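Geometric and topological summary
Chain residues, written in single-letter form:
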Amino acid sequence: MAIRSRSFRGCALLLALSFSLAACSTTSSGPDIDYGPWVDGPPRYVFLVIGDGMGKSSEVAASRFLYGADSSLAWDSAAWAFRAFVATWDVTTYNHHASQAGAASYDSAAFDPKLGYDPVLAGAGPWPLALSSDSPESRAYLLGTATDSAAAATAMATGRKTDAGRIAWSPGEPSQALVAITMSARYRRGASVGAVSTVPFNHATPAAFLAHSQARADYAAIAGEIILEARPELVIGGGHPGWNPDYAGVYAKGLLESESGYLFVERKAGRDGGAALLDGLDRLGQGTRLFGYFGSADGSLEAPFPQDNPGSPTFTRGTEDPSLATAVTVAAWSLARNPRGFVLVVEQGDIDWANHANDFPRMLGAMHSLDEAVRAIESFIDLPGDAIDWDNSLVIVTADHATGLLRFTDSSAIGPGSLPSSRAGGTYQYPGGTVSYNTTGHANELVTVAARGTGAAAAFTGLPGSQWPGTSIIDNTDIYRAISRFLGF
């Protein structure tokens, strides 16, 4: 794989610039939007990695299970120069708090960030880093109301807050479509665009970077816009109708089979999904877009599932879906054909689905796949002999929100390869209080962000504490601002 990929990538970077710009000029992207002036300059490579539903407690639990320490995931290393906490509130959450306080509803020109997230009530850091954020009063506040994935992804994609359920669409009425950073990168820099998700590709998080909708559940329209209008250079995701008929999968598959602009790679019974993607990468021609369509019975790619094997983390894995690490690696090689650079959005969505179900083991497996994927990105950038390195790359790992308000005791059974005892009921239960969930929904907790790359610290300069003085909190819209700075906008 390494030899073949390096050869492919070296050839890809010799593609003519004229081809790249021609490819951009022949695509549309939904609503009529002014993307702004052309920005010239050297190539830029952006990886935005989103752990959907990943609170800090999920990170610590996974790190303990995998490595026996609280901070040993890929993005915990010292190479990641920037770290902060992220407030994830949306307009719906803000208006709920504003109503309780007798304050005016959200106005983008004049609002109080503390009505979205109040560090006095809920802490200047997430649990377990800030134990004060877990008082009974704090828990009540955090569980009161929280963003949904559509509004949270929209904030990161467009730099704008919106109502729950809206995808790259402004809040209130009248409203309008918003410009995603992915499309700005395409039309202002000639960059390629890609999205990888472990859940259906037309779900809220990937959709916010590739489509526009006032209703996140309008899956057919979102799939149609992604495939026929936005036409990203690469999509790998779940929702295949052969295993799950929901999420407009049959409609999307029909579009893909009739659309000659895509090399279509789909899940097939008995076939190794990762090998199929790698084979597709080898068959990509100049200008061909790659669409990998996978997913199991619930629509998501099958994540590794942990076994209780104290001292040695062990996982069982399916093979018909690619691992997230393989999908990300294929995506990076594919997009690297464009010498103008790329923006790749990666979502590990099973963390959210597991935490919604209070399924602690499944969450650990999803976190493991995310850790592997981030390490794969680092390995991709580290490869010598090409134009992609840490000077022109930015990798950001964050979450759209926290799910489940997961908590565990210091004396819990979570350790290398050790799972707490559990039994499945209406929700998963963990006797002895070793692990506890406090909701099956989202929580208004702070989440973490880490960034790596020579320009990472500069991209986030001045953002921590700008809305919450004296803290290390940024807003989720600041993710958009940091990427924009890195791209030269």
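Going by the structure above, here's the rest.
Keep in mind it's a predicted model, so treat the numbers as computed, not measured.

Before going further, it helps to spend a moment on the overall build of the protein chain. Helix and strand counts for the protein chain come out as 17 helices and 18 strands. For the protein chain, the residues scored as buried account for 62% of the 489 residues in total. Counting contacts in the protein chain only where the partners sit at least 6 residues apart, residues at least 24 apart contribute 77% of the total. On the protein chain, roughly 16700 Å² of surface is accessible, and the fraction owed to carbon and sulfur atoms is 53%.

Summed over all chains, the structure comprises 21 aromatic pairs. Note on Tyr94 and Phe111: the rings are 6.3 Å apart at their centroids and 85° apart in plane angle, and the pair reads as edge-to-face. Separated by 17 residues along the polypeptide, Tyr94 in helix 4 (residues 91-101) and Phe111 in the loop between helix 4 and helix 5 (119-122) bring together distant segments of the chain. A residue is classified by how much of its surface remains accessible, and Tyr94, at 2% relative accessible area, is buried. In textbook terms, an aromatic cluster arises when at least three aromatic residues are bridged by ring pairs, as seen for Tyr45, Phe47, Trp333, Phe342 and Phe380. A cation over an aromatic ring shows up here: Arg188 above the ring of Phe489, its NZ or CZ 4.4 Å from the ring centre.

Below, the discussion takes up helix 8 (residues 181-189). Of all nine residues that make up helix 8, eight are buried, and the element is covered over most of its length. Count one or two residues on from helix 8 and you reach Gly190, which has phi positive near 75°.

For the structure shown, the criterion picks out 24 salt bridges. Glu266 serves as the salt-bridge partner of Lys253, at 3.7 Å between the closest nitrogen and oxygen. Linking Lys253 in helix 11 (residues 249-258) with Glu266 in strand 5 (residues 262-266), this pair joins segments that are 13 residues apart in sequence. As far as burial versus exposure is concerned, Lys253 and Glu266 are alike and both buried. Linking Arg317 and Glu372 is a salt bridge whose minimum nitrogen-to-oxygen distance equals 2.8 Å.

Turning next to the nonpolar core. Ranked by size, the top nonpolar core spans 128 residues in total, and within it Phe47, Trp75, Phe209, Phe360, Met363 and Phe460 carry the most contacts. Looking at which element gives the most residues to this core, the answer is helix 15 (residues 360-382), with eleven residues. For Met363, the contacting residues outside a window of four places in its chain are Ser58, Ala61, Ile351, Ala354, Asn355, Leu406 and Tyr437. Within the second largest apolar cluster, 17 residues are counted, among which are Phe85, Ala87, Leu115 and Leu405.

Attention shifts here to the packing of helix 3 (residues 56-67) against helix 15. For the pair helix 3 and helix 15, the least separation of the axes is 9 Å and the interaxial angle reads 80°. What the angle tells us is that helix 3 and helix 15 run roughly perpendicular. Contacts from Ser58, Glu59, Ala61, Ala62, Phe65, Leu66 and Tyr67 in helix 3 reach Phe360, Met363, Leu364, Met367, His368, Asp371 and Arg375 in helix 15. Here the residues of the contact of helix 3 with helix 15 sort into nine nonpolar, two polar and three charged.

Given a rise of 1.5 Å per residue, 23 residues ought to cover 33 Å, and the 33 Å separating the end C-alpha atoms of helix 15 matches this to within 8%. Counting buried residues along helix 15, 18 of its 23 residues qualify, which places the element largely inside the surrounding structure.

When two helices pack together, you describe them by how their axes are tilted relative to each other and by the distance separating the axes. The interhelical angle for the contact between helix 8 and helix 17 (residues 477-487), taken along N-to-C directions, is 15°, at an axis separation of 11 Å. The pairing of helix 8 with helix 17 is recorded here as roughly parallel in orientation. Helix 8 and helix 17 meet at a crossing whose hand is right-handed. Across the interface between the two elements, Ile181, Ala185 and Arg189 of helix 8 pack against Tyr480, Ile483, Ser484 and Leu487 of helix 17. Split by residue class, the contact of helix 8 with helix 17 holds five nonpolar, one polar and one charged.

A separate point is the sheet that holds strand 18 (residues 473-475). Strands sit in the order 5-6-4-3-9-1-10-17-2-18 across an open sheet of ten strands; the sheet is mixed. At either end of the open sheet lies a strand with only one pairing partner, and these are strand 5 and strand 18. If you compare each strand with its neighbour and ignore which way they point, the axes differ by 20° on average. Relative to strand 6 (residues 289-293), strand 5 runs parallel, the two being bridged by five bridges. The partner of Tyr262 across the bridge, within strand 6, is Arg289. Here helix 15 sits on the sheet in contact with strand 1 (44-51), strand 9 (341-348), strand 10 (393-398) and strand 17 (447-452), set at roughly 170° to strand 1.

Of note, Glu59 is situated in helix 3. Residue classification places Glu59 among the buried residues on the basis of a relative accessible area of 1%. Among residues more than four places away in sequence, those in contact with Glu59 are Met54, Leu73, Trp75, Met367 and Thr448.

Burial within strand 2 (residues 82-87) is extensive, with five of its six residues counted as buried. In terms of strand pairing, strand 2 meets strand 17 through five bridges, oriented antiparallel. Following the sheet pairing, Phe82 is matched in strand 17 by Ala451. Note that strand 2 and strand 18 share three bridges and pair parallel. Bridge pairing in strand 18 links Ala87 to Asp475.

Attention shifts here to unusual backbone geometry. Cis geometry is adopted by the peptide bond preceding Pro128, which originates at Trp127 and carries an omega value of 5°. Within the secondary structure, Pro128 sits in the loop between helix 5 and helix 6 (136-142). Cis geometry is found at the peptide bond from Glu173 to Pro174, where omega equals -5°. Checked against the element boundaries, Pro174 lands in the loop between helix 7 (149-158) and helix 8. We note that Ala248 has phi near 65°; this positive angle belongs to a residue other than glycine. Examined against the element boundaries, Ala248 turns out to sit in the loop between strand 4 (234-238) and helix 11.

Reading the values: the criteria
- Residues numbered from 1 in each chain as written.
- Predicted model: local features only at pLDDT ≥ 70, side-chain atom pairs only at ≥ 80, totals over all residues.
- Heavy atoms only, no water.
- Helix = DSSP H or I, 4+ residues; strand = E, 2+ residues; numbered from the N terminus.
- Buried < 20%, exposed > 50% of the residue type's maximum accessible area, 1.4 Å probe, protein only.
- Contact = heavy atoms within 4.5 Å.
- Areas by Shrake-Rupley, 256 points an atom, 1.4 Å probe, with all protein chains shown as cover.
- Phe/Tyr/Trp six-rings, centres within 6.5 Å; stacked < 30°, edge-to-face > 60°.
- Lys NZ or Arg CZ within 6 Å of the ring centre and 35° of its normal.
- Salt bridge = Lys/Arg side-chain N within 4 Å of Asp/Glu carboxyl O.
- Core = buried A, V, L, I, M, F, W, Y, C linked by side-chain atoms within 4.5 Å.
- Axes fitted to C-alpha atoms, helices over the stretch in contact; angles between N-to-C directions.
- Parallel < 35°, antiparallel > 145°, perpendicular 65-115°, else oblique.
- Nonpolar A, V, L, I, M, F, W, Y, C, P; charged D, E, K, R; others polar.
- Expected span 1.5 Å × (residues − 1).
- Left-handed = near helix turned anticlockwise from the far one by under 90°.
- Pairing = 2+ DSSP bridges.

Take it as geometry only, folks, not as evidence of what the structure does.
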